[in-house]
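Residue-level listing of the chains:
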Amino acid sequence: MRISFDLDDTLFVSEEKFKVEAPLRFPFCAIYKERLRLGTIALMKALREQGMELWVYTTSFRSEQYIRGLFRCYGIKFDNIVNGARHAREVQAGHTEAMPSKYPSKYRIDLHIDDDRSVAENGRTYGFHVWIVGGQDDNWTDHILKEIERIRKNGAS
Ligand SMILES: [Mg+2]
């Protein structure tokens, strides 16, 4: 199964509003200022152990190298990264009409995790599956693991 994660307000969160993973040690904390939602590291490890393929799908223009470098500091490796530039090149290019801001089914992603409800609405229109994460929730990773289990059993409907 292929699972993608949004970055801003999904994995990268404000430490004022959310419980976050421990900061990186110097000098990495000076290079990578984003803070990870608490539970991210354990969730990625659990998904890896289940044999899941892990992707990032962000509309931001952070470079692939930056994103990989940041997560490497936490021991997290992604299989593939779609950023705003790649999306523009591979999804939007060649279409005169506006394509959805994210189009996970283009990459055969089975489940996309995001904080933006408009992405879920696009999922209903364009036929891809989205799980929305909200504000601080100690059990957010359990909800995702349960949803994955449900999709495995019933398919993404
Ligand atoms: Mg977001």
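In case you missed it, the structure is sitting above this.
Since the structure is predicted, the reported quantities are computational estimates derived from the model, not experimental observations. (Residues numbered from 1 in each chain as written. Predicted model: local features only at pLDDT ≥ 70, side-chain atom pairs only at ≥ 80, totals over all residues. Heavy atoms only, no water.)

### Side note on unusual backbone geometry
In step 1: Of the consecutive residues F26 and P27, the connecting peptide bond is found in the cis state with omega at 5°.
In step 2: Its place among the elements puts P27 in the loop between β1 (2–5) and α1 (28–31).
In step 3: At R108, a position not held by glycine, the phi torsion is positive, near 55°.
In step 4: Along the polypeptide, R108 turns up in the loop between α4 (84–92) and β4 (111–114).
In step 5: Looking at R108, the relative accessible area reads 63%, which means it is exposed. (Helix = DSSP H or I, 4+ residues; strand = E, 2+ residues; numbered from the N terminus. Buried < 20%, exposed > 50% of the residue type's maximum accessible area, 1.4 Å probe, protein only.)

### Observations concerning the packing of aromatic side chains
In step 1: Evaluated as defined, the whole model comprises 7 aromatic pairs.
In step 2: When the ring of F71 is compared with that of F78, the centres are 4.9 Å apart and the planes differ by 90°; the resulting orientation is edge-to-face.
In step 3: For F78, a relative accessible area of 3% translates into the label buried.
In step 4: Among the aromatic residues, ring-to-ring pairing joins F12, F71 and F78 into one connected group.
In step 5: A cation sits over an aromatic face here: R37 above W140, 5.2 Å from the ring centre. (Phe/Tyr/Trp six-rings, centres within 6.5 Å; stacked < 30°, edge-to-face > 60°. Lys NZ or Arg CZ within 6 Å of the ring centre and 35° of its normal.)

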